[in-house]
Amino acid sequence: MSRLDGLADRVGSASERLYRWTDDRFDLDAGRGALGKAFPAEDSFLLGEIALFSFLVLVLTGTFLGMFFEPSTSDVTYEGSVAKFQGETLPEAFVSVLHITYDVPYGMFIRRMHHWAAHLFVAAIGLHMLRVFFTGAYRNPREPNWVVGSGLAVLAMGAAYTGYALPFDEFASTATGIGYNVAKSIPIVGDVGAKIVFGGEFPSSATIPRLYFLHVLVIPATIGVLLAVHMAILLRQKHTETPRDGPVGTRRTTVEADDDSVVVGLPAFPNQAAVSAVVFFLTLATLSLLAGFLPVHNVAEYGPNDLASTPELIMPDWFFMWLYGFLKLLPTWMSVTIPVVGIHLNTEFIGGVLLPGLVFLALFAWPFIDYSEEPTHFTADPLARPWQTAVGVAAIVFVVIASIAGMNNILADVLGTSTSVVNPALVVALLLGPALAGGITYRVLSGDDGERDAGGRDPTEATGDG
Ligand code: HEM
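(A) Local environment of the overall build of the protein chain. Broken down by element type, the protein chain carries 16 helices and nine strands. Structurally, the protein chain occupies a C-alpha span of about 75 × 65 × 45 Å along its principal axes. For the protein chain, buried positions account for 42% of its 466 residues. For the protein chain, the exposed surface amounts to about 24,300 Å²; the carbon and sulfur share of it is 67%. Of the side-chain charges in the protein chain, 26 are positive and 44 negative, and the distance between the mean point of each set is 6 Å.

The following block contains the structure:
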């Protein structure tokens, strides 16, 4: 026996002993069934995993940042590497972000990584949601998981909003202030609610500590709990699967084309685990690349929050742009007072709460609008579902036009005109664009015979069942 063989034997028996020791305590064999669970070999099903891994990176990089960030607006004297602030009295939160960016080893890299992970998180959630929507994977029995997912989407936006405010620089604080005014505009409860969330009148000395608490504890913990529920429901109900072309031979048996009691796909371990590991490292590599080359929110350039001035250009992140668009398009005369009760609804409430509220209500309610009595195991072909696909296309066009409206000043600059000229055109586009896009989609798809191959990988690749 060679020396190498001897070493391999020793490692093998040590890992066997470790397995037996752990098995005695945790009954690992009982969990073996889960390792054989099948994952459909569908590339678009990996979008949810990208969201999951982005969240993991957010937690890890956020923990690093949390060690250096100071959630306080008390004045301190700056003594760091940025020459223009040397010796100046500045808010502590702002100073700590300068410190992370320019003085903490790897601080700038980790800060950028956190920023890009947040963007990838929201983008992956959006795309994952669209894949679930267009393949009809929200239908009976998966409506509860669609609702949990919608909650996760709202929380992801909440996490981004509260994080944006933390550096307490001039740009971010002004943008955060818009959120405060929107919260305050809610009739009856707005005043108190805004004060609770923002720690008094914005910006008060309690604003940053309060938003920090929400950003690092309340929101991530709630996301963690909802994610656990999301995954538990997924395991319990199994994945949807693209319709099979015919009977599929797996390692143990042959699965008939219409048998919806099992999933044909890759076993969770080791095949799917290996695929997920690749997705994880690709996510990490993409984020490292972005963090290495693309700068983020330049706090030194914007300077600390200054109550006496307003930056020339205020812009939220791209995923809030559609909400900003509502606020920009609504003319002030649209505010109304409800007779008898005398409650005043201003444009900030209508554009910032009422309209987005209706959009989110439609999102949560969608599986009950397109309700199916019968449980569905297989995914649908979007081209064979004219009205549902038309609604999806109309919704995308609506969000895109509202987002362009959020950048109306840039659009006006590009066209060499003013916002008062582009705004009416944007209102018309927002009302007609989605209807037109949806109508055309519906016409084109209903002219189709709907007989399509649902796509996906060759089912004969399948090796496991669940
Ligand atoms: C933090 C955000 C989210 C994460 C990390 C996440 C993660 C995942 C993962 C890993 C899967 C299994 C693989 C796949 O089908 O992609 C999944 C399935 C699912 N997700 Fe999400 N998700 C999130 C948000 C959402 C949202 C916003 C929705 C819809 C509004 C949603 C609805 C669903 C549904 C219905 C399934 C089952 C799909 C099927 O069986 O084909 N999820 N999710």
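Structure's up, so let's keep going.
(B) Up close: the site of the ligand. Near the ligand lie 25 residues; those nearest to it are F45, H128, R131, H230 and T240. Between an oxygen atom of the ligand and a side-chain N or O atom of R142, the distance comes to 3.3 Å. For the ligand, a nitrogen atom lies 2.8 Å from a polar atom in the side chain of H230. Breaking the shell around the ligand down by element, the ones donating at least two residues are α3 (47–66), α5 (107–134), α6 (143–165) and α9 (207–237). Looking at the shell around the ligand residue by residue, the classes come out as 14 nonpolar, eight polar and three charged.

(C) Structural detail: the coordination of the iron atom of the ligand. Surrounding the iron atom of the ligand are the protein donor atoms H128 (NE2) and H230 (NE2), which sit 2.0 to 2.1 Å from the metal. The exposure class of H128 is partly exposed, given its relative accessible area of 22%.

(D) Examining the packing of aromatic side chains more closely. In total, this model carries 24 aromatic pairs according to the counting rule given. An angle of 80 degrees between the planes, with centres 6.3 Å apart, marks the rings of Y161 and F320 as edge-to-face. Taken together, the residues Y161 in helix α6 and F320 in the loop between α11 (299–302) and α12 (321–329) connect sequence positions 159 residues apart. The exposure class of F320 is buried, given its relative accessible area of 15%. For the cation-ring pair, R25 lies above W21, with the distance from its terminal atom to the ring centre recorded as 3.9 Å. Here R131 stacks its cationic end above the ring of F45, 3.7 Å away from the centre of that ring.

(E) Local environment of the environment of P91. Residue placement: P91 occurs in strand β3 (residues 89–91). By relative accessible area, P91 is classed as buried at 9%. Measuring from C-alpha to C-alpha, the distance between P91 and D260 comes to 60 Å, with 169 residues separating the pair along the chain.

(F) Region of interest: the packing of α3 against helix α10 (residues 268–293). The N-to-C vectors of α3 and α10 enclose an angle of 55 degrees; their axes lie 10 Å apart at closest approach. In terms of their interaxial angle, α3 and α10 are classed as oblique. Of the two possible hands of crossing, α3 and α10 adopt the one that is right-handed. Mapping the contact onto sequence places E49, I50, F53, S54, L56 and V57 in α3 and Q272, S276, V279, F280, T283, L284 and L287 in α10.

(G) How the structure looks around the side chain of T162. Within the element layout of this structure, T162 appears in helix α6. A distance of 2.9 Å separates a polar side-chain atom of T162 from the backbone oxygen of G158. Of note is the side chain of T162, whose polar atom sits 3.1 Å from the backbone oxygen of A159. Those residues in contact with T162 that lie beyond four places of it in its chain are L211, L214, H215 and I219.

(H) Expanded view of the environment of V216. Mapped onto the elements of the fold, V216 is located in helix α9. Here the alpha-carbon distance between V216 and V59, two residues 157 residues apart in the chain, equals 8.8 Å.

(I) Seen up close, the nonpolar core. Core analysis: the biggest nonpolar cluster contains 24 residues, and F69, Y78, F85 and L98 have the highest contact counts within it. The set of elements that each furnish at least two residues to this core consists of α4 (92–102), α8 (190–198), α9 and α11. A total of six residues in this core trace back to one element, the largest contributor, which is α4. Contact partners of L98, with chain neighbours within four places excluded, come to Y78, V82, F85, D103, V299 and A300. Listed in part, the 21 residues of the second largest apolar core include A124, L152, A153 and L287.

Criteria and thresholds
Residues numbered from 1 in each chain as written. Predicted model: local features only at pLDDT ≥ 70, side-chain atom pairs only at ≥ 80, totals over all residues. Heavy atoms only, no water. Helix = DSSP H or I, 4+ residues; strand = E, 2+ residues; numbered from the N terminus. Buried < 20%, exposed > 50% of the residue type's maximum accessible area, 1.4 Å probe, protein only. Areas by Shrake-Rupley, 256 points an atom, 1.4 Å probe, with all protein chains shown as cover. Lys, Arg positive; Asp, Glu negative; His and termini not counted. Charge placed at Lys NZ, Arg CZ, Asp CG, Glu CD. Near = heavy atom within 4 Å. Polar contact = N/O pair within 3.5 Å; in protein donor to acceptor, adjacent residues only side chain to side chain. Nonpolar A, V, L, I, M, F, W, Y, C, P; charged D, E, K, R; others polar. Donors = N, O, S within 2.8 Å, 3.2 Å for Na, K, Ca; no water. Phe/Tyr/Trp six-rings, centres within 6.5 Å; stacked < 30°, edge-to-face > 60°. Lys NZ or Arg CZ within 6 Å of the ring centre and 35° of its normal. Axes fitted to C-alpha atoms, helices over the stretch in contact; angles between N-to-C directions. Parallel < 35°, antiparallel > 145°, perpendicular 65-115°, else oblique. Left-handed = near helix turned anticlockwise from the far one by under 90°. Contact = heavy atoms within 4.5 Å. Core = buried A, V, L, I, M, F, W, Y, C linked by side-chain atoms within 4.5 Å.

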